[in-house]
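Residue-level structural notes
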Amino acid sequence: MSDRLRLALLHLLPKNTISRLAGRFAGSRLSKWVIPYYARHFQIDLEQAEKPIGDYRTLTEFFTRKLKSEFRPIAEGDKVLVSPVDGVVSQFGKIQDGTLLQAKGVAYSLEQLLADSRKAELYEGGTFLTIYLSPRDYHRIHTCLKGSVTGYSYIPGTLFPVNPFGVRNVPGLFSKNERLTTYLSSPYGEYAIVKVGATIVGSVQVVYDKKLATNVRNGRMTHESLEGPTLEKGDELGLFRFGSTVVCLFEPGMVALEDIKEGQFVRMGQRIGEVQAAT
């Protein structure tokens, strides 16, 4: 199938409805029988899972499994920046002229991503990091640095796949898909973790608001300020139900990304850079 035909089909498919239906099946007891096949197909390392494979009651439970803590140590040091997820580094660099790099030769708007001009101005000239999570990866999301949750925004949208094909062929993909952004205030400045939904992603959940739901019918754009919890570096922030992408944003001069490159697989808790800003 040609890329052009594949892209046309993606535009025609009712992606949000398909994703909701897939989420319902994955959350049903019937899906338990799919788990062994899923694990084998995606070559998942079961030794790292918190529980034996037979203890998971649904595919969703297995997909959002916790890991044994010894497999994801958190890099030490108050100024050491760690990866918030397991996944492949898609792009990273400086936010310039209000744009971020989606793929080589493909840029997109920061203001459209955040749907907030004030926040876009705050991060102009700062640093971004995009990490893609495949279906085989650990899908819980953690903090990069110690910080207090100060707010969030939920932006309804479509659910194009965020795999390499989608990233290359759908301009502005991350600002078209549903996304939930969490803002955190650290001792060194503010940073944001944008959780981008994708095809078959049933929902994104966060620890600071158990009622907050994504991929719902007639979802409304929401921007909320709040006095949320203070989370230590590496604490759990939320989770994805099936594969997706996170985009991390840092204020200008706040961090320097080091020891990473495009296409590199990183693990949650792994050192990816260091804080440059003074306290």
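Residues numbered from 1 in each chain as written. Predicted model: local features only at pLDDT ≥ 70, side-chain atom pairs only at ≥ 80, totals over all residues. Heavy atoms only, no water.

Per an unreviewed UniProt entry, the recorded name for the protein chain is Phosphatidylserine decarboxylase proenzyme, and the organism is Effusibacillus consociatus. We quote the UniProt Catalytic activity (unreviewed entry) comment for the protein chain here in full: "a 1,2-diacyl-sn-glycero-3-phospho-L-serine + H(+) = a 1,2-diacyl-sn-glycero-3-phosphoethanolamine + CO2". Among the UniProt annotations of the protein chain, the heading Subunit (unreviewed entry) holds the following wording: "Heterodimer of a large membrane-associated beta subunit and a small pyruvoyl-containing alpha subunit." (UniProt positions renumbered as here; feature names shortened; annotations may be inferred.)

1. Comments concerning the packing of aromatic side chains
Under the counting rule described, the total for this entry stands at 7 aromatic pairs. Between tyrosine 56 and phenylalanine 62, the aromatic rings sit 5.4 Å apart at their centres with planes inclined by 75 degrees, giving edge-to-face as the arrangement. Here tyrosine 108 and phenylalanine 174 contribute two aromatic rings whose centre-to-centre distance is 5.6 Å and whose plane-to-plane angle is 80 degrees, an arrangement assigned as edge-to-face. Taken together, the positions of tyrosine 108 in strand 4 (residues 106–109) and phenylalanine 174 in helix 8 (residues 173–176) put the pair 66 residues apart, joining distant regions of the chain. Owing to a relative accessible area of 3%, tyrosine 108 belongs among the buried residues under this scheme. Given a relative accessible area of 1%, phenylalanine 174 falls into the buried group. What links up through ring pairs into an aromatic cluster is the set Tyr38, Phe42, Tyr56, Phe62 and Phe63. (Phe/Tyr/Trp six-rings, centres within 6.5 Å; stacked < 30°, edge-to-face > 60°. Helix = DSSP H or I, 4+ residues; strand = E, 2+ residues; numbered from the N terminus. Buried < 20%, exposed > 50% of the residue type's maximum accessible area, 1.4 Å probe, protein only.)

2. Structural notes on unusual backbone geometry
Phi at glutamine 43 takes a positive value of approximately 50 degrees, unusual for a residue other than glycine. Here glutamine 43 lies in the loop between helix 3 (35–41) and helix 4 (59–63). Of the residues examined, glutamine 43 reaches a relative accessible area of 59% and is grouped as exposed. With a phi angle near 55 degrees, aspartate 97 is a residue other than glycine that sits in the positive phi range. With respect to the helices and strands, aspartate 97 occurs in the loop between strand 2 (87–94) and strand 3 (99–103). Classification of aspartate 97 as exposed rests on a relative accessible area of 74%.

3. Some details on the UniProt feature "modified residue: Pyruvic acid (Ser)" (unreviewed entry) in the protein chain
Look at the UniProt record and you will see "modified residue: Pyruvic acid (Ser)" (unreviewed entry) annotated at Ser244. A residue is classified by how much of its surface remains accessible, and serine 244, at 0% relative accessible area, is buried.

4. Let's talk about the pairing of strand 17 (residues 271–275)
The sheet contact formed by strand 1 (residues 80–82) and strand 17 spans 3 bridges and is antiparallel. Counterpart to valine 80 in the pairing with strand 17 is glutamate 274. (Pairing = 2+ DSSP bridges.)

5. As for the sheet that holds strand 15 (residues 255–257)
On the basis of which strands lie adjacent, the open sheet formed by 3 strands has the order 1-17-15 and antiparallel pairing. With partners counted over all chains shown, the strands left at the sheet margins are strand 1 and strand 15, one partner each. Pairs of neighbouring strands in the sheet enclose a mean axial angle of 35 degrees, with direction left out of account. (Axes fitted to C-alpha atoms, helices over the stretch in contact; angles between N-to-C directions.)

6. What about the side chain of arginine 65?
Inspection of the secondary structure puts arginine 65 in the loop between helix 4 and strand 1. Of the side chains with opposite charge, aspartate 137 lies nearest to the buried arginine 65, which makes no salt bridge, at 7.3 Å. A polar atom in the side chain of arginine 65 sits 2.9 Å from the backbone oxygen of phenylalanine 62. With near-sequence residues (within four places) excluded, arginine 65 lies in contact with Ile44, Ala49, Tyr56, Arg136, Asp137, Tyr138 and Arg140. (Lys, Arg positive; Asp, Glu negative; His and termini not counted. Salt bridge = Lys/Arg side-chain N within 4 Å of Asp/Glu carboxyl O. Polar contact = N/O pair within 3.5 Å; in protein donor to acceptor, adjacent residues only side chain to side chain. Contact = heavy atoms within 4.5 Å.)

7. What about the sheet that holds strand 10 (residues 204–206)?
On the basis of which strands lie adjacent, the open sheet formed by 3 strands has the order 6-13-10 and antiparallel pairing. Of all strands in the sheet, those bounded by a partner on one side alone are strand 6 (140–142) and strand 10. Neighbour-to-neighbour, the strand axes of this sheet turn through a mean angle of 25 degrees, independent of strand direction. Relative to strand 13 (residues 236–240), strand 10 runs antiparallel, the two sharing 3 bridges. Across the sheet, residue glutamine 205 finds its bridge partner in strand 13, namely leucine 239.

8. What about the UniProt feature "active site" (unreviewed entry) in the protein chain?
UniProt's entry tags Asp86, His142 and Ser244 with the feature "active site" (unreviewed entry), counted in the numbering of this structure. Within the element layout of this structure, aspartate 86 appears in the loop between strand 1 and strand 2. If near-sequence neighbours (up to four positions away) are discounted, aspartate 86 is found in contact with Arg72, Ile131, Leu133, Asp137, Tyr138, Phe265, Val266, Arg267 and Met268. With respect to the secondary-structure elements, serine 244 resides in strand 14 (residues 244–250).

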